[in-house]
Amino acid sequence: MARIAVVTGGSRGIGEAISLALKEAGATVVANYGGNDERARAFTERTGIPAYRWDVGDHQACLDGCARVTAEVGPIDIVVNNAGITRDGTLSRMSYDDWHDVMRINLGGCFNMAKATFGGMVERGWGRIVNIGSINGQAGQYGQVNYAAAKSGIHGFTKALAQEGAKKGVTVNAIAPGYIDTDMVAAVPAPVLEKIVAKIPVGRLGHAQEIARGVAFLCSEDAGFVTGSTMSINGGQHMY
Ligand code: NDP
């Protein structure tokens, strides 16, 4: 039976690769996005996957967006909480808005999407939630107290919700990517990026498809015994 999947931030970067990997695995996929209509339109033209715009940091928008997907496509079986932003700066330069926006979107988005979909998954006795964390949520990163706190929160959120879903057929897992060659990493200044790559044991940035394959596995029937786990896909960087 084809499952219905929603990938937040699914129209570009890692999210686009996830949308495509789930489609290839046989799911009916809907990509959510935050505001870049042009990229979303091009994505839909290229892939045939519909893109729905709403802000995952807005609780009511998530409830309304998921209700619309359910009405137009069907009940949601799989949620990949991938949407995320950075607002980097050392603590002294970081504004309250920089802190709050990152917490609201990166961590709040997981709560909002779970509130909109977890109950239905439990009722139907099957579901998959995959949350995209980060190596910087595991290890911390200079200039990212907001991002590291939000991503670290995702790992706790995952383990707590996994316990609620475990006996109901709903698994909840996280993937902690290392540095992946997307727009987000392109925004890192070149000298900083050079130093980062030097610390990655495999000696290169990761590719979005390498994260997407991990997500596709965690969303598959075969992964029913995997829950509350964090898969580290980072070229070995977690060892340092
Ligand atoms: P990109 O910046 O390339 O893409 C971000 C996606 O999130 C876009 O589709 C964007 O939509 C969407 N988005 C942003 N804000 C919102 C919002 N409020 N509501 C809905 N959608 C939103 O990011 P990446 O592909 O690089 O990253 C994807 C995820 O992986 C993020 O959670 C990131 O933190 C995480 N990650 C990335 C790493 C990397 O090296 N790239 C490393 C570790 C983790 P729109 O196009 O409309 O702006």
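Per an unreviewed UniProt entry, the chain goes by the name Beta-ketoacyl-ACP reductase and belongs to Sphingopyxis lindanitolerans. Turning to the chain, the UniProt annotation filed under Sequence similarities (unreviewed entry) states: "Belongs to the short-chain dehydrogenases/reductases (SDR) family."

Caption draft 1: Structural view of the overall build of the chain. Counting secondary structure elements, the chain contains 9 helices and 7 strands. Taken over C-alpha atoms, the radius of gyration comes to 17 Å for the chain, in line with the 18 Å a tight globule of 240 residues would show. Overall, the chain is about 50 × 40 × 35 Å in size when its C-alpha atoms are taken along their principal axes. Classification of the 240 residues of the chain by burial places 45% in the buried group. Of all intrachain contacts in the chain linking residues separated by at least 6 positions in sequence, the fraction that spans at least 24 positions is 71%.

Caption draft 2: Quick look at the UniProt feature "domain: Ketoreductase" (unreviewed entry) in the chain. UniProt's entry tags residues 3–178 with the feature "domain: Ketoreductase" (unreviewed entry), counted in the numbering of this structure. Taken end to end, residues 3–178 is 52% helix and 18% strand, and its two terminal C-alpha atoms sit 28 Å from one another.

Caption draft 3: Examining the nonpolar core more closely. Judged by nonpolar contacts, the single largest core of 61 residues is most densely connected at Ala5, Ile18, Leu22, Ala212 and Val215. The dominant element in this core, judged by the number of residues it contributes, is helix H4 (residues 96–124), at 9 residues. In this structure Ile18 touches Val7, Gly10, Val80, Asn82, Ala212 and Val215, once residues within four positions along its chain are discounted.

The rules behind these values
- Residues numbered from 1 in each chain as written.
- Predicted model: local features only at pLDDT ≥ 70, side-chain atom pairs only at ≥ 80, totals over all residues.
- UniProt positions renumbered as here; feature names shortened; annotations may be inferred.
- Helix = DSSP H or I, 4+ residues; strand = E, 2+ residues; numbered from the N terminus.
- Rg over C-alpha atoms; globule rule 2.2 N^0.38 Å.
- Buried ≥ 20, exposed ≤ 12 C-beta atoms within 10 Å, placed from the backbone.
- Contact = placed C-beta atoms within 7 Å.
- Core = buried A, V, L, I, M, F, W, Y, C linked by C-beta atoms within 7 Å.

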